[in-house]
Amino acid sequence: MNLIEMINARRLINGPEDKLMCVSPLKHPWAWEMLDRMENNHWLPKSIPMGDDVLCYRTRMDQAERQMYDRSLAFLSNLDGIQFNNLITNIGRHVTSPEASMTLARQAYEEANHVRSYATMTEAVSLAPQEIYGMYQTDEILANKNKFIMAQSDELKGDFTPVKFALAVIGNICLEGIYFYSGFLNFYVLAKNGKMLKSADHIKYIQRDEETHLEFFCRMYETLQQENPEIFTPEFYAAARKLMMAAVELEISWGKHTIEGGVLGLTDAIVELRIKHLANVRAARLGWEPLYPGVKNPTPWVEKFSAVNGSEVNFFEGKPTDYQAGGLEWS
Ligand SMILES: [Fe+2]
Ligand SMILES: [Fe+2]
């Protein structure tokens, strides 16, 4: 088989092996496009100073706000750890497109970068970091949520089938596009109330990465539809929708748990509608009917506010207007 024949035979899964990573020409140029986007969005947690937030956490946050902040940090940090390992030990070993494998490697690096970001926040504000890192040992709701997500990603550890892989892709779309988002909302609401602005900056950069990861997995889903159409039976769609709705229920119950005690700008109804709205957006991206017909976005301000440099407040206080690679001009 010559090189061109080999590249033409290439597939996202179950394709011929190419351990030499010959990537010209590309069979899956969308993976390259995603890798470019990830590289262009490069950022480092240590570049966002936490000093203001340390003072704010200790002097301006009430008990419910601190509890919400801690719980959100605990879960988000756990989730990025789970995702880093999932990409390396589950998803990555079944991918037979070198360009998709390289993009997965970059994504795994970014998940590790997010773990560092949450560590930066935890170590800055918490007097007892172990209470955040180890929260899952005492918080049953958090422990169960982690367990459910890990069990999903471990499905690929048994005998491999394309259907299992496609469901793992849906699991990742839930992870990148739903599970993080009540946590993100909590940080944006605090920032809108003028609190923990540096933490919100961390979250904005993390969310921008997660949006790219989400798009990467949506492209994988589309590629599976082209290369493995036999996967997409009515049973598969039913299982995929069920999985996403289970993710929604889990994220809503966790989101409500984080705001116990009452936080200005957040209610149980806002948490629930926000997550259902996001699930509808993810479903639409996959070409599905809405999972929750008629649900309206209860927090339309978040879309602009969460964009890097998208809020009216310049959180960087005169620092660069964007953190694109090659465009760093720290004054
Ligand atoms: Fe992440
Ligand atoms: Fe991610």
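These numbers come from a predicted model, not from an experiment.

(A) Quick look at the overall build of the chain. Tallying secondary structure elements over the chain gives 13 helices and zero strands in all. A compact globule built from 331 residues should have a C-alpha radius of gyration of about 20 Å, and the chain, at 20 Å, falls within 12% of that. If you line up the chain on its principal axes, its C-alpha atoms span 70 × 45 × 35 Å. Each of the 331 residues in the chain was classed as buried or not, and the buried ones make up 54%. Counting contacts in the chain only where the partners sit at least 6 residues apart, residues at least 24 apart contribute 78% of the total.

(B) The coordination of the iron ion (ligand 1), seen in detail. Coordination sphere of the iron ion (ligand 1), protein contribution only: Asp80 (OD), Glu111 (OE), His114 (ND1) and Glu210 (OE), at 1.9 to 2.2 Å. In this structure, the iron ion (ligand 1) is coordinated by four donor atoms arranged in tetrahedral fashion, with angles at the metal of 85 to 130 degrees. Sequence spacing of the donor residues for the iron ion (ligand 1), all on one chain, is D-x30-E-x2-H-x95-E. Separation of the iron ion (ligand 1) from the iron ion (ligand 2) amounts to 3.5 Å, with Glu111 serving as a shared donor to the pair. You can see Glu111 and its partner His114 sitting in helix α5 (residues 98-125), three residues apart, about one turn around the helix. Residue class for Glu111 comes out buried when judged on its relative accessible area of 0%.

(C) A look at the layout of surface pockets. Reported here for the largest pocket is a volume of approximately 320 Å³. Of all elements in the fold, only α4 (63-91), α7 (140-154), α8 (162-179) and α11 (234-258) reach the threshold of two or more residues within the lining of the largest pocket. No other element matches the seven residues that α8 contributes to the lining of the largest pocket. Taken as a whole, the second largest pocket spans an internal volume of roughly 240 Å³. Lining the second largest pocket we find Tyr57, Arg58, Arg66, Gln67, Asp70, Val125, Ser126, Leu127, Ala128, Glu131, Ile132 and Met135. Contributions of two or more residues to the lining of the second largest pocket are made by α3 (51-59), α4 and α6 (129-133). Looking at the lining of the second largest pocket element by element, the count peaks at three residues for α4. In the lining of the second largest pocket, the residues fall into six nonpolar, two polar and four charged.

(D) Local environment of the side chain of Arg71. Positionally, Arg71 belongs in helix α4. In this structure the side chain of Arg71 is engaged in a polar contact, spanning 2.6 Å, whose partner is the backbone oxygen of His257. For Arg71, the residues in contact, after removing those within four places along its chain, are Met135, Asp139, Trp254, His257, Thr258 and Glu260.

(E) A look at helix α12 (residues 268-285). Taking 1.5 Å as the rise per residue, α12 with 18 residues should run 26 Å; its terminal C-alpha atoms sit 26 Å apart, in good agreement. For α12, the set of buried residues is Val271, Arg274, Ile275, Lys276, His277, Leu278, Ala279, Asn280, Arg282 and Ala283. Downstream of α12 by one or two residues, Gly287 has phi in the positive range, about 80 degrees.

(F) Structural context of the environment of Leu243. Take Leu243: it is sitting in helix α11. For Leu243, a relative accessible area of 15% puts it in the buried group. Setting aside its immediate chain neighbours within four residues, Leu243 contacts Gln152, Leu167, Ile170, Gly171 and Cys174.

(G) Highlighting the pattern of salt bridges. One pass over the structure, following the stated rule, counts 13 salt bridges. One salt bridge in this structure joins Arg10 and Glu99, with 3.7 Å as the shortest N-O distance. Remark: Glu99 occurs in helix α5 and Arg10 occurs in the loop between α1 (3-8) and α2 (29-40); sequence separation between them is 89 residues. Accessibility assignment for this pair places Arg10 and Glu99 in one class, buried. Here Glu260 ties to Arg71 by a salt bridge, and the two come within 3.0 Å at their closest N and O atoms. Placement of Glu260 in the loop between α11 and α12 and of Arg71 in helix α4 is noted, with a sequence separation of 189 residues between them. Residue class for Arg71 comes out buried when judged on its relative accessible area of 12%. Three or more residues are tied together by salt bridges with common partners; here these are Glu33, Glu215, Arg219, Glu222 and Arg285.

(H) Quick look at the confidence of the model for the chain. Mean pLDDT over the chain works out to 90, with 93% of the residues at or above the 70 mark. Confidence, read as mean pLDDT per element, is least for α1 in the chain (86) and greatest for α12 (97). Every residue in residues 312-331 is under pLDDT 50, and counting partners more than four places away or in other chains gives 39 contacts.

(I) Seen up close, the packing of aromatic side chains. For the structure on display, the rule yields 15 aromatic pairs. Look at Phe160 and Phe165: their rings are 6.1 Å apart centre to centre, the planes differ by 65 degrees, and that puts the pair in the edge-to-face class. Arranged with centres 6.1 Å apart and planes meeting at 75 degrees, the rings of Tyr188 and Phe305 form a pair that is edge-to-face. Residue Tyr188 is found in helix α9 (residues 181-192), and its partner Phe305 is found in helix α13 (residues 301-305); the two are separated by 117 residues along the sequence. Taking relative accessible area as the criterion, Tyr188 reaches 1% and is therefore assigned buried. An aromatic cluster of at least three residues, connected via ring pairs, comprises Tyr221, Phe232, Phe236 and Tyr237. If you follow Arg282 out to its NZ or CZ, it ends over the ring of Tyr181, 5.1 Å from the centre.

Rules and cut-offs
Within each chain, residue numbers correspond to sequence positions counted from 1 in written order. Just so you know, chain letters begin at A and ligand numbers begin at 1, following the order they were written in. With the structure being a predicted model, the display of local features is reserved for residues of pLDDT at least 70 and the display and counting of side-chain atom pairs for 80 or more, all residues being used for whole-chain, interface and lining totals. As a rule here, side-chain values cover all heavy atoms of the structure and leave hydrogens and water aside. Numbering of helices and strands runs from the N terminus, with a helix taken as a DSSP run of H or I at least four residues long and a strand as a DSSP run of E at least two residues long. It is over C-alpha atoms that the radius of gyration is taken, and the globule rule equals 2.2 Å times the number of residues to the power 0.38. Whether a residue is buried, partly exposed or exposed follows from its accessible area with a 1.4 Å probe, protein chains only, as a fraction of its type maximum: under 20%, in between, or over 50%, in that order. Pairs of residues are marked as contacts when any of their non-hydrogen atoms sit within 4.5 Å. The donor set comprises N, O and S atoms within 2.8 Å of the metal, extended to 3.2 Å for Na, K and Ca; water molecules are omitted, so apparent gaps in a site may simply reflect that omission. Square planar and octahedral sites, with four and six donors, are those where opposite donors lie more than 155 degrees apart and all other angles lie between 65 and 115, tetrahedral sites have four donors with every angle between 85 and 135 degrees, and the rest are irregular. Only protein atoms enter the 1 Å grid used here, on which a cavity is any set of points holding a 1.4 Å probe that cannot leave and a pocket is any open set flanked by protein within 12 Å on both sides along at least five of seven lines; residues with an atom within 4 Å of a point are listed as lining. Grid points are joined across faces, edges and corners, and a volume is the space filled by probe spheres set on the points. Any residue outside Ala, Val, Leu, Ile, Met, Phe, Trp, Tyr, Cys, Pro, Asp, Glu, Lys and Arg is labelled polar, Gly included; the first ten of those are nonpolar and the last four are charged. Contacts described as polar in this section are N or O atom pairs within 3.5 Å, which, within protein, must combine one atom able to donate a hydrogen with one able to accept it, while residues neighboring in sequence count only if both atoms come from side chains. By this rule, a helix spans an expected 1.5 Å times one less than how many residues it contains. Any Lys or Arg side-chain nitrogen located within 4 Å of an Asp or Glu carboxyl oxygen qualifies as a salt bridge. One confidence number per residue, pLDDT, is output by the predictor and ranges from 0 to 100. Two aromatic rings from Phe, Tyr or Trp, using only the six-membered ring of Trp, form a pair when their centres are within 6.5 Å; if the ring planes differ by under 30 degrees the pair is stacked, by over 60 it is edge-to-face, and anything between is tilted. To sit over a ring, a charge needs its Lys NZ or Arg CZ within 6 Å of the ring centre and within 35 degrees of the ring normal.

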